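# Descriptive analysis of the structure
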Amino acid sequence: MPMPARPAFLFDSRLCTGCKACMIACKDKNDLDPGVRWRRVTECTGGEWTRTAEGYRQNVFSYYLSVSCNHCEDPICVQSCPTTAMHQDGNGIVSVDPKKCVGCKYCSWSCPYGAPQYSERLGRMTKCDFCRDEIEAGRPPVCVAACPSRALQWGDLEALRGKLGQPMAVAPLPPVSATRPALFVTPHRDARPVGSTAGLKANPEEV
Amino acid sequence: MFHEWSLVLFTVLVQMAAGAMLLAPVASLAGLAGAGSGVPAGLAGCSRARRVSRGVALVAAPVMAASLLISLLHLGTPLNAPKTLLHLGTSWLSREILFTGLLALCAVVLAVAEGRGKGASPVLRGAGALAAAACLLSMTNVYMLRTVPAWNGPLTPLAFVAAALLLGAGVVAVAALWPHADTDADGGEAARPGATALALAALVTLAALVVHALALLAAMPGPVVPGGMGLATAHLVLLALSAGVLLAATLRARAADIPGALRLAGLALALALAGELAGRVLFFGLYARIGL
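Residues numbered from 1 in each chain as written. Chains lettered and ligands numbered in written order. Predicted model: local features only at pLDDT ≥ 70, side-chain atom pairs only at ≥ 80, totals over all residues. Heavy atoms only, no water.

Assigned secondary structure in chain A consists of six helices and twelve strands. Rg of the C-alpha trace for chain A: 18 Å, near the compact-globule value of 17 Å for 207 residues, within the 12% margin. The proportion of buried residues among the 207 residues of chain A is 52%. Expressed as a percentage of contacts within chain A between residues at least 6 apart in sequence, the contacts between residues at least 24 apart total 63%. About 9,300 Å² of surface is accessible on chain A, with carbon and sulfur atoms providing 52% of the total. (Helix = DSSP H or I, 4+ residues; strand = E, 2+ residues; numbered from the N terminus. Rg over C-alpha atoms; globule rule 2.2 N^0.38 Å. Buried < 20%, exposed > 50% of the residue type's maximum accessible area, 1.4 Å probe, protein only. Contact = heavy atoms within 4.5 Å. Areas by Shrake-Rupley, 256 points an atom, 1.4 Å probe, with all protein chains shown as cover.)

With that settled, consider unusual backbone geometry. Residue and element names in this part refer to chain A. The omega angle of the peptide bond from A171 to P172 is 5°, so this bond is cis rather than trans. For P172, the position within the fold is in the loop between α6 (157-164) and β11 (183-186). A positive phi is found at T84, a non-glycine position, where the angle reads about 70°. Here T84 shows up in the loop between α2 (76-80) and β6 (86-88). Positive phi values are uncommon outside glycine, yet K105 reaches one of about 70°. Examined against the element boundaries, K105 turns out to sit in the loop between β7 (94-96) and α3 (106-110). Overall, the relative accessible area of 18% leaves K105 in the buried class.

To continue, consider the sheet that holds β11 of chain A. Residue and element names in this part refer to chain A. Pairing is mixed in the open sheet, where three strands are placed in the order β10-β1-β11. Since the sheet does not close on itself, it has two edges, and those belong to β10 (152-156) and β11, each with one partner. Strand-to-strand twist of the sheet, defined as the mean angle between neighbouring strand axes without regard to direction, takes the value 25°. Sheet topology note: the strand β1 (residues 7-12)/β10 ladder contains five bridges and is antiparallel. (Pairing = 2+ DSSP bridges. Axes fitted to C-alpha atoms, helices over the stretch in contact; angles between N-to-C directions.)

Right, let's get into a nonpolar patch on the surface. All names here are of chain B. There is a patch of nonpolar side chains on the surface, built from L158, V210, L214, L217 and M220 and spanning about 480 Å² of accessible area. With three residues, the top contributor of residues to the nonpolar patch is helix α7 (residues 195-218). Following the sequence through the fold, L214 ends up in helix α7. According to the relative accessible area criterion, L214 is partly exposed, its value standing at 48%. (Patch = residues over 30% accessible without salt bridge, like charges linked within 9 Å, V, L, I, M, F, W, Y side chains within 5 Å. Salt bridge = Lys/Arg side-chain N within 4 Å of Asp/Glu carboxyl O.)

Residue and element names in this part refer to chain B. According to the stated counting rule, one finds 16 aromatic pairs over all chains in the structure shown. Relative to F160, the ring of Y143 lies with its centre 5.6 Å away and its plane at 80°, an arrangement referred to as edge-to-face. Taken together, the residues Y143 in helix α4 (residues 122-143) and F160 in helix α5 (residues 155-177) connect sequence positions 17 residues apart. With respect to class, Y143 is no different from F160; both count as buried. (Phe/Tyr/Trp six-rings, centres within 6.5 Å; stacked < 30°, edge-to-face > 60°.)

Turning our attention to the sheet that holds strand β5 (residues 61-67) of chain A. The strands making up a sheet associate through hydrogen bonds between their backbones, and the pairing can be parallel or antiparallel. Residue and element names in this part refer to chain A. As summarised here, the arrangement of the three strands in space is β5-β2-β12, forming an open sheet in which the pairing is antiparallel. Each end of this open sheet is capped by a strand with a single partner; those strands are β5 and β12 (199-201). Mean inter-strand twist for the sheet, computed between neighbouring axes without regard to direction, equals 30°. Note that strand β2 (residues 40-46) and β12 share three bridges and pair antiparallel. Counted as the bridge partner of C44 is K201 from β12.

Once that is clear, we can look at the nonpolar core. In terms of nonpolar packing, the biggest core is built from 96 residues, with W109 of chain A together with M21, V56, L103, Y143, W151 and L198 of chain B touching the most fellow members. Each residue touching L198 of chain B, except ones within four places of it in the same chain, is listed here: A173, L177, L246, A249, T250, A253, A261 and A265 of chain B. (Core = buried A, V, L, I, M, F, W, Y, C linked by side-chain atoms within 4.5 Å.)

Structure (structure tokens):
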């Protein structure tokens, strides 16, 4: 696929098994330092077992969300960056200019996806650039290419809008209105609505 | 907890300097020192105004210089610091850095002018007060992020303005009481501030204490902060003690014990600083953004 006018991610939570091949492919391709994760797979888990007259019943649920930078249409990281190091190009791809970044971390405070990641080694912010080099070479982003269940896809934002409607979100993602992400999520059957606290992040050490 | 020690120190110290530079012209205009006895009112008032202006400038300049150095500790690549002024159009952080720099510049120029013994012009003092106001406004907006609910409410403006007024009043009180050869020669002991100045400083402290308590209530229920109850208690108790010590200083001043009043005003300022630092650690601990 050639470079779309505005690339967007499409994540089908029904298909994701939480294998984290997308995270590892991203870390491998970009040689990311330990602790720096441009893509993270969050496991949202909740429910309980209750004793009834007939025995125990459960409503336990668990689902995964694979999230990187969503190259938002209203990117709060770009607006708040004091140096203009965090910038958005004509394709809507948000990236960091290391020559300008002062390493103040203000972008990571504000991003509701935790997308900008600070590198202690570099003293600067780092983040997903949608694998621009891969896309320009006619290949998909490595996270998409690595997904064994095809849960993670990518395409043109407007084309996906025409096919799927407006992007939507589920807990624990922020509301779409916060930054207007270029991310379409197909909810898992047990997905909780945005703002729900019924589920907890079951793998905080991994995200 | 969200540990940003350099930012805790930076924000509190800048607010102290900004509060003092905002209150100093007000204190001078209002003749806070009160009427002296045996000295022409104009002479005594002029001497008191200079005493406050000089003291505040001599405190604000080194405090602002230290604050700017401390702020560099927060940066991963300090050499790129000049580039933080490139995004004034949309970034409140860029604006905060601009106005903090201007405030530091005003403080240094005021200190140099006062150090030469001629006193700073009212225009320069006014510029300092304006820079202080702009600095407080931009600093407040830096933390009012729409993705951080605990900060994006009344807590941030109330806590920051209360801190600036409270610490600023403390600095003005100490500056007004500090002995100085040439201003003392103008009006003698009577040129020192009266009990009115200290009583007003105590009143500002008490009012700021109430605002701080309201700000904490506004932040409830908020994210759970480890040790948060202890920090909130230390914050409010230290500020209450500061107000009490300022009231004691007022009584000393009424009894014409100026050295005693100065010692107590210094203690009150130290207590206020400790209280604000505890409150600021709690403020940063309340950080929790929406989403992931």
